[in-house]
Amino acid sequence: YNTLDSIVWMSNYRPQVAAAMADALAKLFRLMLGGGEDVVPLKQEFEHVTQYLKIQKMRYDSKFEYEISLDEACQMIRVPKLILQPLVENAIYHGIKPTRKKCLLKVLGFLDGDELVLMVMDDGAGIGEADLSRILTAERVSDKMLGGVGVKNINERIQLYCPGNYGLGFVSAENLGTVAI
């Protein structure tokens, strides 16, 4: 809804930006629907994040820059759909937006031996130790400041699709940023 509101506003003042934003939103919706599959190639997940970031960059141009890097060897690895976009959204809304500086957001995918590693990194506000220790626990279900249920849901889906010692982890320091791994 925020994106649609932005498109309407920009259509009066910056029609070319509004058109580009509408195009990115249409691509984002197509990728989200993705034929109803629950597991998708990582390349598709990164394309989804790319379209999402294009939209957010148009909305918050002066707030952040972004870099996306996916190693070629990882592109066809199948992952649960929509595991990166909520992490990127949290980085923007809880890490970057609250700061007064221009931030950098990075989304990385690479192999470490035979294990896939995905990272969403920002150099924004960071998370305090008390909140960081609760980020994946059940007590945070209603804690909107830490991203609501999205992070917990992603962690549970990763664990469901990838049995073993897999899931989300976070490293953060206040005023230095956060890394979701």
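Everything quoted here is computed from the prediction, not taken from an experiment.

Here's the deal with the environment of Gly-150
Moving on, step 1. Among the structural elements, Gly-150 can be located in helix 6 (residues 150–161).
Moving on, step 2. We classify Gly-150 as partly exposed; its relative accessible area is 25%.
Moving on, step 3. Distance in space between the C-alpha atoms of Gly-150 and Leu-87 is 8.2 Å, their sequence separation being 63 residues.

Here we look at helix 6
Moving on, step 1. Taking 1.5 Å as the rise per residue, helix 6 with twelve residues should run 16 Å; its terminal C-alpha atoms sit 17 Å apart, in good agreement.
Moving on, step 2. If you check which residues of helix 6 are buried, you get Val-151, Ile-154, Asn-155 and Ile-158. The arc that holds the buried residues of helix 6, viewed along the axis, is 100°, so those residues lie on one side.
Moving on, step 3. Of the surrounding elements, those touching the buried residues of helix 6 are helix 4 (85–96) and strand 6 (170–173).

Let's talk about the confidence of the model for the protein chain
Moving on, step 1. With 92% of its residues at a pLDDT of at least 70, the protein chain reaches an overall mean of 88.
Moving on, step 2. Ignoring residues within four places in sequence, the model shows residues 140–147, a span with pLDDT below 50, making 20 contacts including any to other chains.

Brief notes about the sheet that holds strand 2 (residues 64–70)
Moving on, step 1. Across the sheet, five strands lie side by side as 2-4-5-7-6; this open sheet has mixed pairing. A strand with exactly one partner marks an edge of an open sheet, and here the two such strands are strand 2 and strand 6. Between one strand axis and the next, the sheet turns by 10° as a mean value, whatever way the strands run.
Moving on, step 2. Taken strand by strand, helix 3 (residues 42–59) contacts strand 2, strand 4 (103–112) and strand 5 (115–122), and its axis lies near 170° from that of strand 2.

So, the pattern of salt bridges
Moving on, step 1. This model, assessed by the stated rule, comprises six salt bridges.
Moving on, step 2. Between Lys-57 and Asp-61 there is a salt bridge, with the nearest N and O atoms lying 2.9 Å from each other.
Moving on, step 3. Residue class for Lys-57 comes out buried when judged on its relative accessible area of 14%.
Moving on, step 4. One salt bridge in this structure joins Arg-134 and Asp-131, with 2.8 Å as the shortest N-O distance. Remark: Asp-131 and Arg-134 occur in helix 5 (residues 129–134); sequence separation between them is three residues, near one turn of the helix.
Moving on, step 5. Among the residues examined, Asp-131 registers a relative accessible area of 31% and is labelled partly exposed.

Conventions adopted
Residues numbered from 1 in each chain as written. Predicted model: local features only at pLDDT ≥ 70, side-chain atom pairs only at ≥ 80, totals over all residues. Heavy atoms only, no water. Helix = DSSP H or I, 4+ residues; strand = E, 2+ residues; numbered from the N terminus. Buried < 20%, exposed > 50% of the residue type's maximum accessible area, 1.4 Å probe, protein only. Expected span 1.5 Å × (residues − 1). Arc of directions from axis to C-beta. Contact = heavy atoms within 4.5 Å. pLDDT = per-residue confidence, 0-100. Pairing = 2+ DSSP bridges. Axes fitted to C-alpha atoms, helices over the stretch in contact; angles between N-to-C directions. Salt bridge = Lys/Arg side-chain N within 4 Å of Asp/Glu carboxyl O.

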